[in-house]
Every structure is written in structure tokens, then in C-alpha cells.
Amino acid sequence: MSLDPTRPCAEALDRDDPLRAYRERFHFPKGARRAEALYFAGNSLGLQPKKTAELLAQELREWADRAVHAHMAARRPWVPYHELLTESTARIVGAQPAEVVNMNSLTVNLHLMMVSFYRPTPARHCILIERGAFPSDRYAVVSQLQFHGFSSEDSLIEIAPRDGEDCLRGEDIEAAIEREGKRIALVMLPGVQYLSGQAFDMARLTALAHKQGCIVGFDLAHAAGNLPLALHDWGPDFAVWCSYKYLNGGPGAVAGCFVHERHARAAQLPRFAGWWGHDKARRFLMEPQFEAIPGAEGWQLSNPPVLALAPLIASFELFDAAGMGPLRAKSEKLTGYLEYLLTARLADRVSIVTPRDPRRRGCQLSLRLHGGAAHARRAFDDLLRRDVVCDWREPDIVRVAPVPLYNSYVDVWELVEILRQATKEHP
Ligand SMILES: Cc1ncc(COP(=O)(O)O)c(C=O)c1O
């Protein structure tokens with residue numbers, strides 16, 4: 001259907017949307033001026049599925065009614081509770097079930113993975129990341145270098161966008177891997193960069209880095225539940241992600257972790273072990289010798305936090321019902337529609353930092369509002385006052401993420417209308 005910048009066009013797009021019913025399955029925050037805020041911050045904290053409270057209440061009831069017996073006798077027994085999520089998680093990230101586990105938080109999992117997969121030698125000790133990586137990732141990476149007696153000056157390689165550009169060029173990353181490959185122990189990149197919204201060609205980068213003998217890990221915080229992934233086929237050694245953004249697992253939700261099948265039985269890999277990673281059949285024999293479960297579960301430390309995992313069950317049911325393929329199809333259309341409106345109506349006031357090629361982005365568009373950082377900040381504050389929920393990243397970026405599970409075309413149309421007003425008043 002051909003696009004035009006009118007509201008009836010947005011309404012027609014919504015009528016044609018096969019996923020439109022999913023919006024009703026979420027709670028939207030209340031606005032000050034409107035019943036429901038215009039929510040575009042799913043890249044930061046996804047909305048709460050309406051079923052979350054029911055699932056949580058069920059586990060609270062189990063605790064009240066059965067207490068310790070719920071570990072084995074609950075409707076969903078607590079001992080293997082995390083396993084309820086395995087199949088859905090594998091579908092979301094394109095993995096085999098044994099390659100994924102939900103545990104801890106993203107940064108903790110990143111450290112656990114680096115303990116096993118960052119094995120520096122005097123000749124090969126560098127870690128390659130992107131300049132401007134999410135701070136927690138950089139802190140984790142630098143602290144791992146230091147833990148092994150290396151410094152960031154000697155062992156951290158940060159690839160930056162070219163002068164005057166916001167996104168990395170694929171060819172520059174590839175050139176760096178080829179140039180420095182023999183010194184690089186670990187290539188650690190995002191699936192989608194949190195600030196620019198740029199998506200990387202994970203299959204290609206993995207193959208290139210492996211050719212150079214490097215280990216490859218991905219931070220998928222902004223990719224999981226946003227882009228269809230094929231981790232098993234692409235072949236990175238590990239990946240980590242959080243579940244409170246596109247996966248709608250709630251604040252500080254239990255994170256995800258992928259370890260490629262080829263490492264499932266790698267007994268020689270060092271790891272920080274805990275009893276929940278120990279052979280399930282023998283766990284309660286309380287033996288002193290650790291025997292890792294083959295696969296990602298072998299990296300678990302502690303027993304599953306049932307109350308924190310319950311919201312993921314509510315959310316993953318929706319992903320299973322909608323499917324990553326249809327979600328991505330809507331996402332490309334919805335974000336493309338936002339791009340169309342911004343270009344048609346606001347090109348003189350707003351630039352899009354995120355790549356224009358849909359294959360190089362997920363649903364998020366990062367915007368730079370013209371007129372300098374102070375003006376941009378005032379316009380952003382104005383958006384908040386008008387009940388638009390999106391986020392600000394220093395020094396001058398506004399990130400907006402139309403999420404295909406719960407955002408509509410009319411949401412996007414209204415966002416652009418409000419952005420027009422906000423940028424007009426603060427030129
Ligand atoms: C790209 C990226 N990496 C890492 C993190 C840190 O996650 P956590 O606090 O769950 O460790 C975040 C949090 O927003 C993130 O966006």
C-alpha cells in the first residue's frame with residue numbers, strides 16, 4: 001500500500017496489521033494528558049504483559065500453600081523451573097535448546113563467559129570491541145584484561161566510526177579483524193549497537209574472526225526479541241543478552257546466555273562453577289566433585305529465581321504465538337513508516353543516525369534533533385511533557401523504538417505529530 005502522511009493512512013495500516021491484537025495483551029503506562037502514554041522505550045524497558053501478574057501470583061500461592069514442597073510438587077515444579085523457558089528462548093535466538101539458559105544478569109553472564117572464553121596468551125591477548133560500547137561491557141572487558149595482567153592500553157582494540165559518521169562501517173570492522181587478527185583473543189561486539197541502533201552482520205563477522213583464530217562473543221541486549229537471530233548457524237562461541245528490553249521480562253529480569261554446541265562438552269574450559277551447573281541427576285547427592293551439565297546449563301551457578309523467571313514465561317508465550325518472522329516483518333514496516341514520516345515531515349529538523357538500510361537495523365531509530373544539544377534537550381523534555389516515552393542519550397541523541405508486539409502505526413503517526421510541535425517550539 002502506498003504511504004501518505006495523513007492519520008487515515010496510519011489507521012489503514014493498523015487495520016491491515018495481522019499482529020494488531022497483541023497490543024491488548026500489554027499494560028501501557030498512564031499519561032498525564034492522555035489515558036495511555038505513547039510508549040517508544042521498549043529498547044530500554046519492555047511493557048508488562050497482562051498475564052505477568054497472574055503467573056507471579058501463582059508462584060506466590062505455591063510458596064504460601066506448599067512452601068518447600070513446591071520445589072518438586074508445584075504445578076510448575078521449582079527445581080527445573082528455568083527449563084520451562086528453554087524451548088522458547090532457543091526459538092527467539094535461533095539456537096538449539098541445549099545452547100541456551102536463562103540465568104543471572106547480562107554483565108554477570110558476560111563475565112562468566114569471559115572466564116571461560118577469554119584465554120589470553122602472550123601473543124594473542126587483545127579484545128576487540130566497538131568504541132562507545134555500552135559502558136558495562138567496556139568495564140567488564142577491561143576488568144578481565146586487568147585480571148589476566150594486561151592493560152587496556154596494550155590489549156583493548158576499539159574500532160570507531162569514521163570522522164563525522166555515527167555508525168561503524170562493516171569493511172572497517174573486517175579490516176581491523178584481518179589486520180590485528182593474530183593478536184586478538186576475543187571479538188566482542190553487539191548485535192545491535194545501543195546508541196546508534198546499527199545492526200551488525202553477525203554471521204559474516206563470526207566467520208571472519210574465526211578464520212583468524214579469534215573467539216567470538218556477542219552482546220545481544222538490543223537484538224534479542226528485536227531481530228530474528230540464528231546463533232547456532234552463525235556460530236559465535238557465546239552470546240549474552242538481557243530480558244527487560246524487547247523480551248518484556250520486567251526490571252532487572254533474568255538474562256539469557258548462549259554457548260555454542262561445539263563447547264557443550266569442553267571439560268577443559270575453565271569456568272566458575274556452582275551447584276546448579278552440576279549433573280542434574282546427581283545434584284542432590286551433594287558430592288564434592290563438580291561434573292558440568294553438557295551445554296549452556298553447565299554454566300549456571302544458583303538455583304532458579306522462580307519469582308523473577310515467572311514474567312518471562314508470560315512474555316515468551318507471546319513471542320511463541322506471534323513468531324519472530326511475522327514480528328520482524330511488521331517491525332520493518334513500522335520502523336520504515338516512522339522513517340518515511342520523519343523524512344516527509346521533519347527532514348529539516350531531525351536527522352536519522354541509524355542506518356537507512358533495514359537489514360542494518362532493528363526497530364530502533366536514533367535521532368539527532370537539529371539546533372544544538374541544549375535545544376535538543378528542551379525538545380526532548382517537551383516530548384516527555386506531552387506523554388511520549390522515549391529516551392535521551394548524551395550528548396544529543398533521542399532513541400525511539402516502535403515495538404511490533406505492542407506499538408501501532410497510529411502511535412508512530414502521533415509521535416511524529418508531537419515531535420513536529422516540540423521541535424517547532426524549540427528550533
Ligand atoms: C548493550 C547493553 N549491554 C549491557 C547492559 C547491562 O545490562 P545489565 O545491567 O543487565 O548487566 C545493557 C543495559 O541496558 C545494555 O544495553
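Scope of this entry: the structure provided in the associated data block. (Residues numbered from 1 in each chain as written. Predicted model: local features only at pLDDT ≥ 70, side-chain atom pairs only at ≥ 80, totals over all residues. Heavy atoms only, no water.)

Turning to the pattern of salt bridges, a few remarks are in order. Within this structure, the stated rule accounts for 34 salt bridges. In this structure, E174 engages R204 in a salt bridge whose closest nitrogen and oxygen atoms are separated by 2.6 Å. In this pair, E174 is assigned in helix 8 (residues 170–180) and R204 in helix 9 (residues 202–211), connecting sequence segments 30 residues apart. For R204, a relative accessible area of 45% puts it in the partly exposed group. Of the charged contacts, one joins D381 and R377 as a salt bridge, the two residues approaching to 3.0 Å between their closest N and O atoms. Note that D381 and R377 are positioned in helix 13 (residues 373–385) at a spacing of four residues, about one turn of the helix. Residue classification places R377 among the partly exposed residues on the basis of a relative accessible area of 31%. Overlapping salt bridges bring together R162, E165, R169, E171 and D172 as one network. (Salt bridge = Lys/Arg side-chain N within 4 Å of Asp/Glu carboxyl O. Helix = DSSP H or I, 4+ residues; strand = E, 2+ residues; numbered from the N terminus. Buried < 20%, exposed > 50% of the residue type's maximum accessible area, 1.4 Å probe, protein only.)

Where strands meet in a sheet, backbone hydrogen bonds hold them as pairs that are either parallel or antiparallel. Strand order in the open sheet made by the seven strands is 4-10-9-8-7-5-6, with mixed pairing throughout. One side of each edge strand has no neighbouring strand; the edge strands of this open sheet are strand 4 (100–102) and strand 6 (156–159). Going across the sheet, the axis of each strand differs from the next one's by a mean of 15 degrees, ignoring polarity. Across five bridges, strand 7 (residues 184–190) lies against strand 8 (residues 215–219) in parallel orientation. The residue of strand 8 that forms the bridge with V187 is V216. Running over the sheet, helix 6 (residues 135–147) touches strand 5 (126–130), strand 6, strand 7 and strand 8 and is turned about 155 degrees from strand 6. Packing against the sheet, helix 9 makes contact with strand 7 and strand 8, and its axis sits at approximately 155 degrees to strand 8. (Pairing = 2+ DSSP bridges. Axes fitted to C-alpha atoms, helices over the stretch in contact; angles between N-to-C directions. Contact = heavy atoms within 4.5 Å.)

Looking now at unusual backbone geometry. Cis geometry marks the peptide bond from E394 to P395; its omega dihedral reads 0 degrees. For P395, the position within the fold is in the loop between strand 14 (391–393) and strand 15 (397–400).

Here we take up the packing of aromatic side chains. For the structure on display, the rule yields 11 aromatic pairs. Judged by centre distance (5.1 Å) and plane angle (85 degrees), the ring pair of F134 and Y194 falls under edge-to-face. In this pair, F134 is assigned in the loop between strand 5 and helix 6 and Y194 in the loop between strand 7 and helix 9, connecting sequence segments 60 residues apart. Among the residues examined, F134 registers a relative accessible area of 36% and is labelled partly exposed. Accessibility expressed as a relative area gives 15% for Y194, which makes it buried. Relative to F284, the ring of W276 has its centre 6.2 Å away and its plane inclined at 85 degrees; by these criteria the two rings are edge-to-face. Through a chain of ring-to-ring contacts, three or more aromatic side chains come together here, namely F26, F28, Y39 and Y406. (Phe/Tyr/Trp six-rings, centres within 6.5 Å; stacked < 30°, edge-to-face > 60°.)

Another aspect to go through is the pairing of strand 5. Consecutive side chains of a regular strand alternate in pointing toward one face of the sheet and then the other. Within strand 5, five of the five residues are buried, leaving the element largely enclosed by the surrounding structure. Of the two faces of strand 5, both are covered, the one formed by C126, L128 and E130 as well as the one formed by I127 and I129. Inspection of the sheet shows strand 5 paired to strand 7 by three bridges, in the parallel sense. Following the sheet pairing, C126 is matched in strand 7 by I184. Of the strand pairs in this sheet, strand 5 and strand 6 are connected by four bridges, and their pairing is parallel. The partner of E130 across the bridge, within strand 6, is I159.

In the neighbourhood of the ligand, the contacting residues comprise L106, T107, F134, D137, D219, A221, H222, Y244 and K245. Between an oxygen atom of the ligand and a side-chain N or O atom of T107, the distance comes to 2.5 Å. Contact distances for the ligand include 3.0 Å between an oxygen atom and a side-chain N or O atom of H222. In the complex, the protein chains occlude 82% of the 400 Å² of accessible area that the ligand would expose alone. The residue makeup of the shell around the ligand, split by class, is four nonpolar, two polar and three charged. (Near = heavy atom within 4 Å. Polar contact = N/O pair within 3.5 Å; in protein donor to acceptor, adjacent residues only side chain to side chain. Areas by Shrake-Rupley, 256 points an atom, 1.4 Å probe, with all protein chains shown as cover. Nonpolar A, V, L, I, M, F, W, Y, C, P; charged D, E, K, R; others polar.)

To continue, consider the environment of P29. Summarising the element assignment, P29 is placed in the loop between strand 1 (26–27) and strand 2 (38–39). Here P29 falls in the partly exposed class, since its relative accessible area comes to 30%. Along the backbone, P29 and V389 are 360 residues apart, and their C-alpha atoms lie at a distance of 9.2 Å. Residues within four places of P29 in sequence aside, it is in contact with A35, E36, A37, Y39 and L47.

Relative to the assigned elements, E130 resides in strand 5. For E130, the contacting residues outside a window of four places in its chain are I159, L168, L189, P190 and Q193.

The next thing to look at is a nonpolar patch on the surface. Where nonpolar side chains cluster on the molecular surface, the patch consists of L60, W63 and L307 and spans about 300 Å² of accessible area. By the element assignment, W63 lies in helix 2 (residues 52–66). (Patch = residues over 30% accessible without salt bridge, like charges linked within 9 Å, V, L, I, M, F, W, Y side chains within 5 Å.)

Attention shifts here to the pairing of strand 15. Covered by surrounding structure in strand 15 are I397 and R399 together with V398 and V400, the residues of both alternating faces. Of the pairings in the sheet, the one linking strand 12 (residues 365–369) to strand 15 comprises four bridges and is antiparallel in character. The partner of L367 across the bridge, within strand 15, is V398. As paired strands, strand 14 and strand 15 are joined by three bridges and run antiparallel to one another. Bridge pairing links D391 to R399 in strand 15.

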